[in-house]
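# Tertiary structure, described
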Amino acid sequence: MDLKNLLNDGRIKEHKSSKQEIKQLLAVFDRDITDAQIEILSTDRKFSTAYNAALTIARIALASSGYRTTGEGNHYWTIQALALILPLNTSMVRKFDKFRRNAILVDMR
């Protein structure tokens, strides 16, 4: 699988990013990574916030490569696309995907 396959399958779309968009996404990352360290937050909330920070970085990598995810399953496809953009080993991708599944469970509580 490569980015072209994801594009052809409709999992990602071409996207022209801007400095402003990346700056806004970095602000979201900074906020979330800071908030994830707040002591009075529950462990679940810290986890969800840290996961969102990591997902935001993955979105930055995807946008910087000229793409964005779309529709249902966009967290999953963001993670899969990240593995095609950066030299991540399959173990790292599986861990990130496990975090995604856990974040869903935390949000359902």
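Summary of the structure given here. (Residues numbered from 1 in each chain as written. Predicted model: local features only at pLDDT ≥ 70, side-chain atom pairs only at ≥ 80, totals over all residues. Heavy atoms only, no water.)

## Brief notes about the overall build of the chain
Counting its regular elements, the chain contains five helices and two strands. Helices and strands in the chain line up, N terminus first, as α-β-α-α-β-α-α. At 14 Å, the chain has a C-alpha radius of gyration in line with the 13 Å of a compact globule built from 109 residues. Counting only C-alpha atoms, the chain reaches 45 × 30 × 25 Å along its principal axes. A buried classification covers 29% of the 109 residues belonging to the chain. Residue pairs at least 24 apart in sequence account for 62% of intrachain contacts in the chain once pairs closer than 6 positions are excluded. Of the roughly 7200 Å² of accessible surface on the chain, a fraction of 54% belongs to carbon and sulfur atoms. Once the 17 positive and 12 negative side-chain charges of the chain are each reduced to a mean point, those two points are 2 Å apart. (Helix = DSSP H or I, 4+ residues; strand = E, 2+ residues; numbered from the N terminus. Rg over C-alpha atoms; globule rule 2.2 N^0.38 Å. Buried < 20%, exposed > 50% of the residue type's maximum accessible area, 1.4 Å probe, protein only. Contact = heavy atoms within 4.5 Å. Areas by Shrake-Rupley, 256 points an atom, 1.4 Å probe, with all protein chains shown as cover. Lys, Arg positive; Asp, Glu negative; His and termini not counted. Charge placed at Lys NZ, Arg CZ, Asp CG, Glu CD.)

## Some thoughts on the side chain of Thr 49
Considering the arrangement of structural elements, one finds Thr 49 in helix α3 (residues 43–64). In this structure Thr 49 comes out as buried when scored by relative accessible area, which is 10%. Not counting residues up to four positions away in its chain, the partners in contact with Thr 49 are Asp 32, Asp 35 and Ala 36.

## Thoughts on the nonpolar core
Membership of the largest hydrophobic core is limited to nine residues, which are Tyr 51, Leu 55, Ala 58, Ala 61, Ile 79, Leu 82, Val 93, Phe 96 and Ala 103. Contributing elements (two or more residues each) for this core: α3, α4 (74–85) and α5 (90–108). Residue contributions to this core peak at four residues, all from α3. When sequence neighbours within four positions are dropped, the list of residues in contact with Val 93 reads Ile 79, Gln 80, Ala 83 and Leu 88. Counting seven residues, the second-largest nonpolar core is a separate cluster that includes Leu 3, Tyr 67, Trp 77 and Ala 81. (Core = buried A, V, L, I, M, F, W, Y, C linked by side-chain atoms within 4.5 Å.)

## Some remarks on the packing of aromatic side chains
The full count for this structure, using the stated rule, is three aromatic pairs. Plain terms: the ring middles of Phe 47 and Phe 99 are 6.1 Å apart, the flat faces sit at 75° to each other, and that makes the pair edge-to-face. Of this pair, Phe 47 sits in helix α3 while Phe 99 sits in helix α5, placing them 52 residues apart in sequence. When the ring of Tyr 51 is compared with that of Phe 96, the centres are 6.1 Å apart and the planes differ by 70°; the resulting orientation is edge-to-face. In this pair, Tyr 51 is assigned in helix α3 and Phe 96 in helix α5, connecting sequence segments 45 residues apart. Take Tyr 51 and Phe 96: they sit in the same class, and that class is buried. (Phe/Tyr/Trp six-rings, centres within 6.5 Å; stacked < 30°, edge-to-face > 60°.)

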